[in-house]
Amino acid sequence: MSDEPQPQQPHQGWAPRKPQAAGAGQPGGTGHPGQPGTPGKPGNSANSGKPGKPGKQKRPRRTGWRRLIPTWRIVLGTCVLGLLLLVGGFFLGYHLVQIPAANALATKQSNVYLYADGSVLARDGEVNRESVGLARISKDAQHAVLAAEDRDFYTESAIDPAAMVRAGWKTATGKGKQSGSTITQQYVKNYYLAQEQTVTRKVKEFFISIKLDREKSKNEILEGYLNTSFFGRGAYGIQAAAQAYFGVDAKDLTAAQGAYLASLLNAPSQYDVVAHPENKAAAENRWAYVMNGMADKGWISRADRAAAEFPQPKQSTVSTGMSGQRGYLVNIVKRYLIDHDIVDEEELDRGGYRITTTLQKDKQDAFVKAVDDKLMSQLDQKERKADTYVRAGGASVDPKTGKIVAMYNGIDYVKQYTPGATRRDYQVGSTFKPFVFTSAVENHSETQDGRTINPNTRYDGTSERPVQGWTGDRYAPENEDHRDYGDVTVREATDKSINAVYAQMAVDVGSDKVKQTAIDLGLASDTPELTASPSIALGVATASPLDMAEAYATIANHGRHSTYTPVEKVMKDGKHEVDLPERRERQAVSRESADTTTSVLRSVVEQGTATAAQTAGRPAAGKTGTAEEDTAAWFAGYTPELSTVVAVMGQDPKTAAHKSLYGVMGLDRINGGGAPAEIWGQYTRKALEGEPVSDFDLQLQSGADVTAPPSADSSGEPGDGDESGSSDPDGDSTGSTGDQDDTGSETPGDTGGDSSTPPGDTGGEESGPPTTGGGTPTNGGPSTDPGPGAGGGQDDSSNGGGTEGGDGGPGGDDSDTTAGTVAGLPGTPPRRQ
């Protein structure tokens, strides 16, 4: 054996070995103890390793079911990664999701129109919503909603994760659907988002709610929620709901009523106990839950809770459509707001306005009933074609304030669109004559022979007598039915509506001055056919009933004019009051002029063509009138408290052409002293019912307090005096409505002195001593008024333009030629059909 060291076999690491058998270490598997095995038989691979370093022991592999359980390293890593993703997603979503503009439905509101007493007149929007400030919602109603939907609203955050999880669990386990949304989340859904149930919408709702809670106060969010929630019956917002269910404003809701409305939020259609009486038990349970919640939170006392009873909603609510009078009234008010630059038309269309009108519901109802009783109920449209032509219009104004208190416009807005109270296409007829007399007194006018014009001044009342002092073409208007009255006083000429007298008076005063007086009293300067000519006296102008009511109100108010208005107050979005034009009152004409006119018009009611107006049961003054060819009949009258004008008009329902009222209600024709005066009497009596009766307090023109003796009537029994000279189609020249003056003499009307002033001679071109009993004229002599003859006379020689309300106006009856009539005043307007 060599003494040389033997080469060692390399080995990987160290590992304990089992004792070797004898012969180990020899080639082929043997060796010395402690030596590695022979080549070709390496040691245990598990113990192999890098030379000189100890080896690591491998973990045993997980087998069986243990392989399914994640290690703690995986769990920790997953949680960390999930948390990072969640935080990152939150911040990403918070920055990406912005608060959007409100959705169209949430901002869409109706405009609410109210009577003067605050009751609802109409709503004009597609969506029944009226937004109001939180201050205009009762505290009880606010607390009721909080008790029903989110009792910790003021202390909790915008999101309630626990409630969301709880709601999801109940829904998933079949325990019923429950909202996990806070009031803030519900408001976001109502106001900013659509109503679809999608993940995207819920994510947006989540982030917007958080942002909104940081940017708006709790009160702002609650206010928005109350104004956007749906309560059933088509009502969006608590104000509309309060009206729909209880007929009150939101500020007047009681705790019980508020709790009922709050209950509806959970199931609007199911909990309406009127529509679904079978669900009343469920509704009462929900109501009790809300009431108990209010008591638990200390918002109502336990005693009040115990005493509270379930409120019964209204069986029927106020109709908010445009049928009946509502559509007319809404459009008239809207037009006023726009024309007076109070609200822009586009802004008004967007809605959100609460408009309190000056209209008084009791008077409005009385007006409608009077027209129905005295006119509409008397019509038989199946048997009489003329009855299908009937239209009516009227307006009633408070003389002291100019406020419109009632209007009649037609039978139904959805059937007859044109508003009768404001249309300007029918001649006003002899209702214009008082403006001529007022102008005469105002301007201290004289007759052609220098006599001061007052109620006792005498004029020639001969039909078709040519006017004197007119520089235009010859003009000779006829009286009704060609009647001659001879010498008559102005008072008597007014009682009988004698055209010949008033045409001459217009020339004596100056037709330009007459026109200006009419404008001062209240007619618009652009009133159609309001032209300076003798025919102005006979009412060829086509003012509306509302225009005439305003002008008569000025006379009733002792000459002081208050511009008419149908609007008392305007609010925007329940918070901001809109400025209205400053109300101005002015002395349009002297008190003496207005009051003297009133004294003359009182006689018309007492003994003239308007005796039917006595049914008002109060001191009254007024004037009848009829348009050319009897296409319209008017009565304009007033008491100290109320100025009202009524017009009955004829119009073809298919072509809209003006039609004569011959044969209406089975009568020969309609006069101003018939249906119009009867309507006026019934309406005025009812409208002023319960108010103390007051008399006129008049300060008269010198000499007007004494009534001159009546004249001898050369025509026999007078008719209405307001009718067209063409009479009716059958040529019947008698009055037919029972509204005529049945006496041929004048009974004293206004008396105030103990002596009489001797009557003067006839007016016109004749001379004689003045009959005024005093007064210094300042505008005497013949008129040289150069105004055009527009609206006066005729373009042929028929009837002399002598029709009432067109007598001397455009056209006459082409079938009747009468001597003494005049042809062709310049600027004659075409005949109105």
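Residues numbered from 1 in each chain as written. Predicted model: local features only at pLDDT ≥ 70, side-chain atom pairs only at ≥ 80, totals over all residues. Heavy atoms only, no water.

### Here we look at empty space enclosed by the protein
Throughout the structure, instances matching the rule amount to 2 cavities of 30 Å³ or more. In this model, the second largest cavity occupies a volume close to 30 Å³. Along its surface, the second largest cavity is lined by P399, G402, E550, A553, T554, R560, H561 and S562. Residue assignment for the lining of the second largest cavity shows that the elements contributing at least two residues are α19 (545–556) and β10 (560–562). In terms of residue class, the lining of the second largest cavity is made up of 2 nonpolar, 4 polar and 2 charged. (1 Å grid on protein atoms, 1.4 Å probe; cavity = no way out; pocket = protein on both sides within 12 Å on 5 of 7 lines; lining within 4 Å. Points joined across faces, edges and corners; volume = space filled by probe spheres on them. Helix = DSSP H or I, 4+ residues; strand = E, 2+ residues; numbered from the N terminus. Nonpolar A, V, L, I, M, F, W, Y, C, P; charged D, E, K, R; others polar.)

### Remarks on the side chain of S603
On the secondary structure map, S603 appears in helix α20 (residues 591–607). The class for S603 is buried, based on a relative accessible area of 0%. A distance of 2.9 Å separates polar atoms of two side chains, one belonging to S603 and the other to D495. (Buried < 20%, exposed > 50% of the residue type's maximum accessible area, 1.4 Å probe, protein only. Polar contact = N/O pair within 3.5 Å; in protein donor to acceptor, adjacent residues only side chain to side chain.)

### Side note on the nonpolar core
Counting residues in hydrophobic clusters, the biggest one holds 120 residues, and the most contacted among them are L375, F432, F435 and M505. The contact partners of M505, leaving out residues within four places of it in the chain, are V436, F437, A440, I453, Y459 and V490. Listed in part, the 47 residues of the second largest apolar core include Y225, L226, A241 and A259. (Core = buried A, V, L, I, M, F, W, Y, C linked by side-chain atoms within 4.5 Å. Contact = heavy atoms within 4.5 Å.)

### Some points on the pairing of strand β2 (residues 120–123)
Bridge analysis of strand β1 (residues 112–114) against β2 gives 3 bridges, and the strand direction is antiparallel. If you follow V112 over to β2, its bridge partner there is R123. The antiparallel hairpin formed by β1 and β2 contains 5 residues in its connecting segment, where G118 sits at a positive phi of about 95°. (Pairing = 2+ DSSP bridges.)

### Examining helix α10 (residues 280–296)
Over its 17 residues, α10 runs 24 Å from end to end, which matches the ideal 24 Å to within 8%, given 1.5 Å per residue. Among the residues making up α10, those that are buried are A283, R286, W287, A288, V290, M291, G293, M294 and A295. Trailing α10 by a residue or two, G298 shows a phi angle of about 80°, which is positive. (Expected span 1.5 Å × (residues − 1).)

### Things to note about the confidence of the model for the protein chain
Averaged over all residues, the pLDDT of the protein chain equals 77, while 68% of them reach at least 70. When the criterion is pLDDT under 50, residues 10–15 qualifies, and its contacts beyond four places in sequence or with other chains add up to 12 contacts. Predicted confidence is poor over residues 714–720, with pLDDT under 50, and the contacts of this stretch with residues over four places away or in other chains come to 33 contacts. (pLDDT = per-residue confidence, 0-100.)

### Regarding the sheet that holds strand β7 (residues 404–408)
Read across the open sheet, the 5 strands follow the order β7-β6-β16-β15-β14; overall the sheet is antiparallel. What marks the edges here is a single partner per strand, and that holds for β7 and β14 (621–626). Between one strand and the next, the sheet's axes are offset by a mean angle of 5°, whatever the strand orientation. Judged from the 7 bridges that link them, strand β15 (residues 632–638) and strand β16 (residues 643–650) form a sheet pairing that is antiparallel. Bridge pairing links A632 to M649 in β16. Contacting β6 (390–397), β7, β14, β15 and β16, α19 crosses the sheet at an angle of about 35° to β6. (Axes fitted to C-alpha atoms, helices over the stretch in contact; angles between N-to-C directions.)

### Let's talk about the side chain of S229
Relative to the helices and strands, S229 resides in the loop between α7 (218–228) and β4 (235–236). Residue S229 is classed as buried on the basis of its relative accessible area, which comes to 3%. Polar contacts involving the side chain of S229 include one to the main-chain carbonyl oxygen of Y225, which spans 2.8 Å. Among residues more than four places away in sequence, those in contact with S229 are N190, A235, Y236, G237 and L265.

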